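# A closer look at the structure
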Amino acid sequence: NAGVTQTPKFQVLKTGQSMTLQCAQDMNHEYMSWYRQDPGMGLRLIHYSVGAGITDQGEVPNGYNVSRSTTEDFPLRLLSAAPSQTSVYFCASSYSRGLYGYTFGSGTRLTVV
Amino acid sequence: AQTVTQSQPEMSVQEAETVTLSCTYDTSESDYYLFWYKQPPSRQMILVIRQEAYKQQNATENRFSVNFQKAAKSFSLKISDSQLGDAAMYFCAYKGGGADGLTFGKGTHLIIQP
């Protein structure tokens, strides 16, 4: 099984550019979420989804947009990149409301210059 | 909002020794779940162990065990017979009963001395 697949693994953006971080899972998990990891800050929840067509904001949603048109995919969009969005981004999925833990993708390291 | 605190930014232990990583949390919920995740230099997040708050018995997975003190809101991870491959960042995480995701601590960097 592929698990949770994130693309790209690395990306450099210029301030003001837009891009989409892709996330796909093949485990038929209902729950998916996006986190960002900054040095000394742990992982913080950006957005999450409990199923196709349903999304909600996490702790740090500003500057990010998500949609969930299928169970498998949960892309994260940066509409106008800012240097403060330089971070490592993780997508995760789970079943049963995440009570048994989440499966994480390998992350995307994003640098905004 | 729930908070998770890991008070040890870095810990060092000799190979084959035992080390304990600390985690405390704050919540008003009675039903929740706690996790320890390992992040090696590869960046991959790996689930180490899971604890259900309504279970008094401490979870154990091979060399990894937890000391769960619900009244004190404490959830420490004990690694026995430390191995070089245990070197990593370790994150404590909280999951409440809602549909949202995990709340993480800031992590503890574990160094294994050969």
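See above for the structure.
Residues numbered from 1 in each chain as written. Chains lettered and ligands numbered in written order. Predicted model: local features only at pLDDT ≥ 70, side-chain atom pairs only at ≥ 80, totals over all residues. Heavy atoms only, no water.

The subject of this paragraph is the overall build of chain A. A tally of helices and strands in chain A yields zero helices and 11 strands. Counting helices and strands in the order they occur from the N terminus, chain A gives β-β-β-β-β-β-β-β-β-β-β. Counting only C-alpha atoms and orienting by the principal axes, one finds that chain A spans roughly 40 × 30 × 25 Å. Within chain A, the fraction of its 113 residues that count as buried is 49%. Taking as baseline every contact in chain A between residues at least 6 positions apart, the subset at least 24 positions apart corresponds to 53%. Put simply, chain A shows about 5,100 Å² of open surface, and 50% of that area lies on carbon and sulfur atoms. When the 8 positive and 7 negative side-chain charges of chain A are each reduced to one mean point, those points stand 9 Å apart. (Helix = DSSP H or I, 4+ residues; strand = E, 2+ residues; numbered from the N terminus. Buried < 20%, exposed > 50% of the residue type's maximum accessible area, 1.4 Å probe, protein only. Contact = heavy atoms within 4.5 Å. Areas by Shrake-Rupley, 256 points an atom, 1.4 Å probe, with all protein chains shown as cover. Lys, Arg positive; Asp, Glu negative; His and termini not counted. Charge placed at Lys NZ, Arg CZ, Asp CG, Glu CD.)

As a further point, take the pattern of salt bridges. In the structure shown here, the tally under the stated rule is six salt bridges over all chains. Between B:Arg50 and B:Glu52 there is a salt bridge; the shortest N-O distance is 2.8 Å. Through salt bridges with shared partners, a single ionic network connects A:Arg36, A:Asp38 and A:Arg44. (Salt bridge = Lys/Arg side-chain N within 4 Å of Asp/Glu carboxyl O.)

Attention shifts here to the state of the cysteines. One way to say it: the disulfide is the covalent bond shared by the sulfur atoms of two cysteines. By the definition in use, this model includes two disulfides over all chains. A sulfur-sulfur separation of 1.9 Å characterises the disulfide bridge that pairs A:Cys23 with A:Cys91. An S-S torsion of about -70° defines the bridge between A:Cys23 and A:Cys91 as left-handed. Here the residue A:Cys23 occupies a position in strand 3 (residues 19-25), and A:Cys91 occupies one in strand 9 (residues 87-94), the gap between them amounting to 68 residues. Each member of the pair, A:Cys23 together with A:Cys91, is buried. Shown here is the disulfide that connects B:Cys23 with B:Cys92, its sulfur atoms set 2.0 Å apart. Looking along the S-S bond of the B:Cys23-B:Cys92 disulfide, the torsion reads about -70°, which is the left-handed sense. Taken as a pair, B:Cys23 in the loop between strand 3 (19-21) and strand 4 (24-26) and B:Cys92 in strand 10 (residues 88-95) lie far apart in primary sequence, 69 residues in all. Each member of the pair B:Cys23 and B:Cys92 is classed as buried. (Disulfide = S-S within 2.5 Å.)

What follows is about unusual backbone geometry. The general pattern is negative phi for most residues beyond glycine and trans for most peptide bonds. Here the bond from A:Thr7 into A:Pro8 is cis, since omega is -5°, no more than 30 degrees from zero. By the secondary structure assignment, A:Pro8 is in the loop between strand 1 (4-7) and strand 2 (10-13). The phi torsion at A:Ser96 lies on the positive side, around 55°, for a residue other than glycine. Here A:Ser96 lies in the loop between strand 9 and strand 10 (103-104). Note on A:Ser96: relative accessible area 35%, which makes it partly exposed. Unlike most non-glycine residues, B:Asp81 shows phi in positive territory, near 50°. With respect to the helices and strands, B:Asp81 occurs in the loop between strand 9 (74-79) and strand 10.

Right, let's get into the interface of chain A and chain B. Contact with chain A, which involves 26 residues of that partner, is made by 21 residues of chain B. Of the roughly 1,900 Å² buried at the junction of chain A and chain B (both faces included), carbon and sulfur atoms supply 56%. Seen at the junction of chain A and chain B, the total is zero salt bridges. On the surface where chain A and chain B come into contact, there are nine residue pairs in polar contact (both at pLDDT 80 or more). Taken together, the elements giving at least two residues each to the side of chain A that touches chain B come down to strand 4 (31-38), strand 5 (42-51), strand 9 and strand 11 (108-112) of chain A. Class assignment of the residues belonging to the side of chain A that touches chain B gives a composition of 14 nonpolar, nine polar and three charged. (Buried area = accessible area lost by both parts, 1.4 Å probe. Polar contact = N/O pair within 3.5 Å; in protein donor to acceptor, adjacent residues only side chain to side chain. Nonpolar A, V, L, I, M, F, W, Y, C, P; charged D, E, K, R; others polar.)

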